[in-house]
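In case you want the letters, here they are:
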Amino acid sequence: MTYFPDLSACDYFGSIDIPLVAIGWLENGRPVPTGEVPEQVFEQLRELLRDPWGPVPFGWHDCDLCVYRYGRSKLGTFRNTMGSKNVFVPGDAKIYVAPELILHYIDQHGYAPPAEFRQAVLDCPTMRSVPYLQAILNLGLTHKTLLPTQPDSENARCS
Ligand SMILES: [Zn+2]
């Protein structure tokens, strides 16, 4: 999976003129911020990720942190812990983008996203509601602005 440090600019969707900020783009061998995540935040994040707004998913993410616990997958490149969706959460003059796997990272790896993101999750309007769409539109985000870069074959195979 592609790695971005938390709160760094996320160019996963190409060079776009929108303040997209990465949250939870973890990778084995990189530091993983850990800590307590209030259940309310987790549940709200789960709700947002049920059917998140966004471009049609391209490419898969899988969890390569699980190697710590369970060893390399014996099923080839595909493991149970994978996802393809992303969630966009409007913030203060920025939009956070987190992969679906963030739920797994919190649940299984003790990952704790930054406080400002946790607050944005709690403040986020109902997914796909008019206030939600208005909030991301106000920050410049539409389907048209998210033209995914073609994943190279390495990434497409989930490393
Ligand atoms: Zn994992």
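Sequence order sets the numbering: in each chain, residues are counted from 1 along the sequence as written. pLDDT decides what is reported in this predicted model: residues at 70 or higher carry local features, side-chain atom pairs at 80 or more are listed and counted, and totals for whole chains, interfaces and linings draw on all residues regardless.

## A short note on the overall build of the chain
Under the DSSP-based scheme used, a helix requires at least four consecutive residues in state H or I and a strand at least two consecutive residues in state E, with every element numbered from the N terminus. From N to C terminus, the chain includes six helices and five strands. Buried means a residue has 20 or more other C-beta atoms within 10 Å of its own C-beta, exposed means 12 or fewer, and partly exposed covers the counts in between; C-beta atoms are placed from the backbone. Within the chain, the fraction of its 159 residues that count as buried is 28%. It is the C-beta atoms, placed from the backbone, that decide contacts: two residues are in contact if theirs lie within 7 Å. Long-range pairs, those at least 24 residues apart, make up 72% of the contacts in the chain between residues at least 6 apart in sequence.

## Topic: the sheet that holds strand S4 (residues 86-90)
Two pairing modes exist for strands in a sheet, parallel and antiparallel, and in both the strands are linked by backbone hydrogen bonds. With respect to topology, three strands assemble into an open sheet ordered S1-S5-S4, the strand pairing being mixed. Looking along the sheet, the strands with just one partner apiece sit at the ends: strand S1 (20-22) and S4. Adjacent strand axes in the sheet meet at a mean angle of 30°, parallel and antiparallel pairs treated alike. In terms of strand pairing, S4 meets strand S5 (residues 95-99) through five bridges, oriented antiparallel. If DSSP finds at least two bridges between two strands, the strands pair. Here, axes are lines fitted to C-alpha atoms. For helices the fit covers the stretch in contact, and angles between N-to-C directions go from 0 to 180 degrees.

## What to know about the nonpolar core
Within the largest apolar cluster, 32 residues are counted, with the highest numbers of intra-cluster contacts made by Ile23, Val89, Ile95, Tyr96, Val97, Ile102 and Val121. Elements with a minimum of two residues in this core: S1, helix H1 (39-48), S4, S5, helix H3 (102-109) and helix H4 (115-123). Other than its neighbours up to four places away in sequence, isoleucine 95 contacts Ile18, Pro19, Leu20, Val21, Phe88, Val89, Pro90, Ile136, Leu139 and Leu141. Connectivity within a nonpolar core runs through C-beta atoms within 7 Å, and the core itself is a set of buried Ala, Val, Leu, Ile, Met, Phe, Trp, Tyr and Cys residues.

## Section: the confidence of the model for the chain
pLDDT expresses, on a scale from 0 to 100, how confident the predictor is about each individual residue. Looking at the chain, the pLDDT average stands at 83 and 79% of residues meet or exceed 70. Mean pLDDT across the elements of the chain bottoms out in helix H6 (residues 153-156) (44) and peaks in H4 (98). For the stretch residues 75-79, pLDDT sits under 50, and the model shows six contacts to residues farther than four places along the chain or on other chains. In the model, residues 152-159 has pLDDT below 50 throughout and makes twelve contacts with residues more than four positions away in sequence or in other chains.

## Things to note about the pairing of S4
Burial analysis of S4 places five of its five residues in the buried class, which makes it a mostly covered element. Taking every second residue as pointing to the same face, both faces of S4 are buried, with Asn86, Phe88 and Pro90 on one and Val87 and Val89 on the other.

## Let's talk about H1
Of the positions making up H1, those classed as buried are Val41, Leu45 and Leu48. For H1, the arc enclosing every buried residue in end-on projection is 60°, short of the 170-degree limit, so these residues lie on one face. Projecting away from the buried face of H1 at angles above 90 degrees are the exposed residues Glu39, Gln40 and Glu43. Taking the helix axis as origin, the arc is that swept by the directions to the C-beta atoms.

## Notes on H4
What H4 keeps buried is the set Phe117, Ala120 and Val121. The buried residues of H4 occupy an angular sector of 105° when the element is viewed end-on, so they sit on one face. For H4, exposure combined with an orientation more than 90 degrees from the buried face picks out Ala115 and Leu122. Buried residues along H4 sit in contact with H1, S4 and S5.

## Digging into the packing of H1 against H4
Running from N to C, H1 and H4 point in directions that differ by 60°, and their axes come no closer than 9 Å. Judged on the interaxial angle alone, H4 and H1 are oblique. You can see that H1 and H4 cross each other, and the crossing is left-handed. Counting all contacts with H1, which are made through Gln40, Val41, Gln44, Leu45 and Leu48, the residues of H4 involved are Arg118, Val121 and Leu122. Our angle categories are set so that under 35 degrees counts as roughly parallel, over 145 as roughly antiparallel, 65 to 115 as roughly perpendicular, and the remainder as oblique. Here a crossing is taken to be left-handed if its near helix is turned anticlockwise relative to the far helix by less than a right angle, and right-handed if that turn runs clockwise.

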